Amino acid sequence: MTTIGLTTRDVARELARRYSTMTHDELDVLESILVPMKFQKGEIILKEGDVCDAIYWITKGLVRQFYYKNGKELTEYMTTENNIVMSIESLFREEPSRQQIQALEPTTLYALPKSQLEREAVRNVNIQMLYRKILEESLIISQVHADMLRFESAQERYAKLVKRSPQLVLRAPLVYIASYLQMTPETLSRVRTSALLEE
């Protein structure tokens, strides 16, 4: 899906295509709650201590989700266009987020405010389905990543990321990729060299 001249209607259609079929009236409702937002490279989308009150759909750019532990930044999630990002615990508990979300490139996204989404989901089965599918996808992504870190070698983790998210590997700084895969930059460098030699 191209982002040139993208309208809020286009975004509503793409969300419906991805998560739930919708009538014109339902698309009108979805379009009415979408909030376009733009961020510069390096800008924080969600700060630590803020409550995450929306699900974000990225139409252009690259973002990472990270937190601090013992004074170190740890990257938990990264994603590019046509994907969602949110601090799911903060969203549902309505408590301050311990995670931050940052734009790693100039980024355009559309916020789906939780309060409006839930209000419309009560009235509309297809918007309820869209909401549920987004949450299911988010939980599956988290589980797949957790299992990858638990059970797979450094080589396997890198190979899986290259296969699943080639754009991420091309565009994200290596230090963040290493953190996301829970390896040192030195280990990542060795793994990448080894993978290139095998091609």
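A brief structural summary. Please read all numbers here as calculations on a predicted model, not as lab measurements.

Looking now at the packing of aromatic side chains. As enumerated under the stated definition, the model contains 2 aromatic pairs in all. With 6.2 Å between their ring centres and 80 degrees between their planes, Tyr19 and Trp57 make a pair best called edge-to-face. With a gap of 38 residues between them, Tyr19 in helix 1 (residues 8-19) and Trp57 in strand 3 (residues 54-60) connect regions that are remote in the sequence. Trp57 carries the same exposure label as Tyr19, and that label is buried. Ring plane angle 75 degrees and centroid distance 5.8 Å describe the contact between Phe66 and Tyr68, whose orientation is recorded as edge-to-face.

Here we take up the pairing of strand 3. A large share of strand 3 lies buried, amounting to 6 of its 7 residues. Bridge count between strand 3 and strand 6 (residues 83-85): 3 bridges; the pairing is antiparallel. Opposite Trp57, over in strand 6, you have Ile84 as the bridge partner.

Moving on, we get to the pattern of salt bridges. Tallied over the entire structure, the rule returns 16 salt bridges. One salt bridge connects Arg64 with Glu73, and the closest N-O pair in it is separated by 2.5 Å. The exposure class of Arg64 is buried, given its relative accessible area of 2%. You can call Glu73 partly exposed: its relative accessible area is 34%. Here Glu89 and Arg93 are joined by a salt bridge, their closest N and O atoms 2.9 Å apart. Taken as a pair, Glu89 and Arg93 lie in helix 3 (residues 88-93) at a separation of 4 residues, close to a single helical turn. On the basis of relative accessible area, Glu89 is assigned to the partly exposed category, the value being 40%. The class of Arg93 is exposed, set by a relative accessible area of 54%.

Where strand 4 (residues 63-69) lies against strand 5 (residues 72-79), 7 bridges are found, and the strand directions are antiparallel. Bridge assignment links Lys69 to a residue of strand 5, and that residue is Lys72. The antiparallel hairpin formed by strand 4 and strand 5 contains 2 residues in its connecting segment, where Asn70 sits at a positive phi of about 50 degrees. When strand 4 meets strand 7 (residues 100-103), the two strands line up antiparallel, connected through 4 bridges. Across the sheet, the residue bridging to Phe66 is Gln100, located in strand 7.

How each quantity is defined
Residues numbered from 1 in each chain as written. Predicted model: local features only at pLDDT ≥ 70, side-chain atom pairs only at ≥ 80, totals over all residues. Heavy atoms only, no water. Phe/Tyr/Trp six-rings, centres within 6.5 Å; stacked < 30°, edge-to-face > 60°. Helix = DSSP H or I, 4+ residues; strand = E, 2+ residues; numbered from the N terminus. Buried < 20%, exposed > 50% of the residue type's maximum accessible area, 1.4 Å probe, protein only. Pairing = 2+ DSSP bridges. Salt bridge = Lys/Arg side-chain N within 4 Å of Asp/Glu carboxyl O.

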